[in-house]
Amino acid sequence: MQLSPSELILNADNSIYHLNILPEDIATTIITVGDPDRVGEVSKYFDTIELKKGKREFITHTGVLNGKRISVISTGIGTDNIDIVLNELDALVNIDFTTRTIKEEKTTLDIIRIGTSGAIQKDIPINTFLLSEYAIGLDSLLQFYDSKHIQNSDLQDAFVAHTDWAKDKSTPYVVTCAKSLADKVASDKIRMGFTATNVGFYGPQGRILRLNTQDNALNSKLASFRYNDLKITNLEMETSGIYGLAKLLGHNAISLNAILANRATEEFSVTPGETVEELIKYTLNKLT
Ligand SMILES: O=P(O)(O)O[C@H]1O[C@H](CO)[C@@H](O)[C@H]1O
Ligand SMILES: O=c1cc[nH]c(=O)[nH]1
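Predicted, not measured: the structure shown is a model, and the values here were computed from it.

(A) Geometry of the overall build of the protein. Of regular secondary structure, the protein possesses seven helices and 15 strands. Looking at the protein residue by residue over its 288 residues, the buried ones come to 52%. For the protein, long-range pairs separated by at least 24 residues make up 77% of all intrachain contacts whose partners lie at least 6 apart in sequence. Surface accessibility of the protein: about 13,300 Å² in total, with carbon and sulfur atoms responsible for 50%. Counting 29 positive and 37 negative side-chain charges, the protein places the averaged centre of each group 3 Å from the other.

Take a look at the structure:
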């Protein structure tokens, strides 16, 4: 079936609509970062850079490090942007732009998020590196897709009961990382975690500046939730969407978090730039 111009949207140069890149512009190993300025912080370590392109918050650099071709792309903030980035990355490798048809033979991408995050457990020190083994999406992205088969409904039901989750909010979904990729990047420098992804930085992460929240106990309920030996470790804004869509589309994804805030101890890193830089160097070293 041919995908129509309103569904698969290509620019005049045949690049994909938002990312503004061509199929040949990306490697099969892709690092995602939230902040467009972080793209250069990653690609400055490449031995060679073959491409720099961008549009809106979606900046892409592709290059080679130690013989391995890598792309780094900024997603901006939130799972709404992740919907765009994951679908367009997949289209770049798995849809033929000339015939507008889905390719018979699929390409699998390795997708590695390098992002920042806030811990909700007291015992997670500032500047920790954390790999999200599990993610719980408090956003609604995955619920728009045929995705029940990749959700962990028992865990979700236990979470909804524990937190007395308001019906006005979307139903939480639990998804997991790609174990093979996690094994490649993990070490004793990385703490494994269970990441909660939410739709905002303030109210949805329990921050109160001037506005009161619907549930002032949200973060303490997240922190006290237990399921077998699992407990929620940290909060950020992309991981559940990346894991959910990557799994549905047949890609491998992991999310690495530089813990800059601890919400339980009310601390924030005094060296955020250095911590993110260390995580970038660590990740590139493991990938190449
Ligand atoms: O540092 P990045 O990758 O943007 O990740 C985290 O930081 C942003 C909020 O400040 C959100 O995108 C959150 O997920
Ligand atoms: O607390 C934090 C820190 C970074 N990013 C988030 O989303 N939350």
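Having seen it, we continue.
(B) Highlighting the site of ligand 1. Around ligand 1, the neighbouring residues are Gly34, Arg38, Ile77, Arg113, Gly115, Thr116, Phe201, Glu236, Met237 and Glu238. Note that an oxygen atom of ligand 1 is positioned 3.1 Å from one of the backbone N or O atoms of Gly34. A distance of 2.6 Å separates an oxygen atom of ligand 1 from a polar side-chain atom of Thr116. In isolation ligand 1 offers 340 Å² of accessible surface; the protein chains occlude 85% of this area. Sorting elements by how many residues they give to the shell around ligand 1 places strand β7 (residues 110-119) first, with three residues.

(C) Seen up close, the site of ligand 2. Taken together, Thr116, Ser117, Gly118, Phe201, Gln205, Arg207, Leu235, Glu236, Met237 and Ala261 form the complete shell of residues around ligand 2. A distance of 2.8 Å is found between a nitrogen atom of ligand 2 and a side-chain nitrogen or oxygen belonging to Gln205. At 2.6 Å, a side-chain N or O of Arg207 approaches an oxygen atom of ligand 2. When ligand 2 sits alone it has 240 Å² of accessible area, and the protein chains cover 92% of it. When residues of the shell around ligand 2 are traced back to their parent elements, those giving at least two are β7 and β13 (234-236). Taken together, the residues of the shell around ligand 2 break down into four nonpolar, four polar and two charged.

(D) Spotlight on the packing of helix α2 (residues 79-94) against helix α6 (residues 239-249). Following both chains from N to C, one finds α2 and α6 inclined at 25°, their axes separated by 9 Å at the closest point. For the element pair α2 / α6, the angle class is roughly parallel. Remark: the crossing between α2 and α6 carries right-handed chirality. Every residue of α6 that contacts α2 at Thr79, Ile82, Asp83, Leu86, Asn87 and Asp90 is listed here: Ser240, Gly241, Ile242, Leu245, Ala246 and Leu249. Along the lines of polarity and charge, the residues of the contact of α2 with α6 split into six nonpolar, four polar and two charged.

(E) Inspection of the packing of aromatic side chains at higher detail. Summed over the entire model, instances satisfying the criterion amount to five aromatic pairs. Aromatic pair Phe159 and Trp165: ring centres 5.5 Å apart, planes at 55°, arrangement tilted. You'll find Phe159 and Trp165 in the same group, each marked buried. Three or more aromatic residues joined by ring pairs form one cluster here, namely Phe159, Trp165 and Phe225. Sitting over the ring of Trp165, Lys169 keeps its end group 4.7 Å from the ring centre.

Cut-offs and rules
- Residues numbered from 1 in each chain as written.
- Chains lettered and ligands numbered in written order.
- Predicted model: local features only at pLDDT ≥ 70, side-chain atom pairs only at ≥ 80, totals over all residues.
- Heavy atoms only, no water.
- Helix = DSSP H or I, 4+ residues; strand = E, 2+ residues; numbered from the N terminus.
- Buried < 20%, exposed > 50% of the residue type's maximum accessible area, 1.4 Å probe, protein only.
- Contact = heavy atoms within 4.5 Å.
- Areas by Shrake-Rupley, 256 points an atom, 1.4 Å probe, with all protein chains shown as cover.
- Lys, Arg positive; Asp, Glu negative; His and termini not counted.
- Charge placed at Lys NZ, Arg CZ, Asp CG, Glu CD.
- Near = heavy atom within 4 Å.
- Polar contact = N/O pair within 3.5 Å; in protein donor to acceptor, adjacent residues only side chain to side chain.
- Nonpolar A, V, L, I, M, F, W, Y, C, P; charged D, E, K, R; others polar.
- Axes fitted to C-alpha atoms, helices over the stretch in contact; angles between N-to-C directions.
- Parallel < 35°, antiparallel > 145°, perpendicular 65-115°, else oblique.
- Left-handed = near helix turned anticlockwise from the far one by under 90°.
- Phe/Tyr/Trp six-rings, centres within 6.5 Å; stacked < 30°, edge-to-face > 60°.
- Lys NZ or Arg CZ within 6 Å of the ring centre and 35° of its normal.

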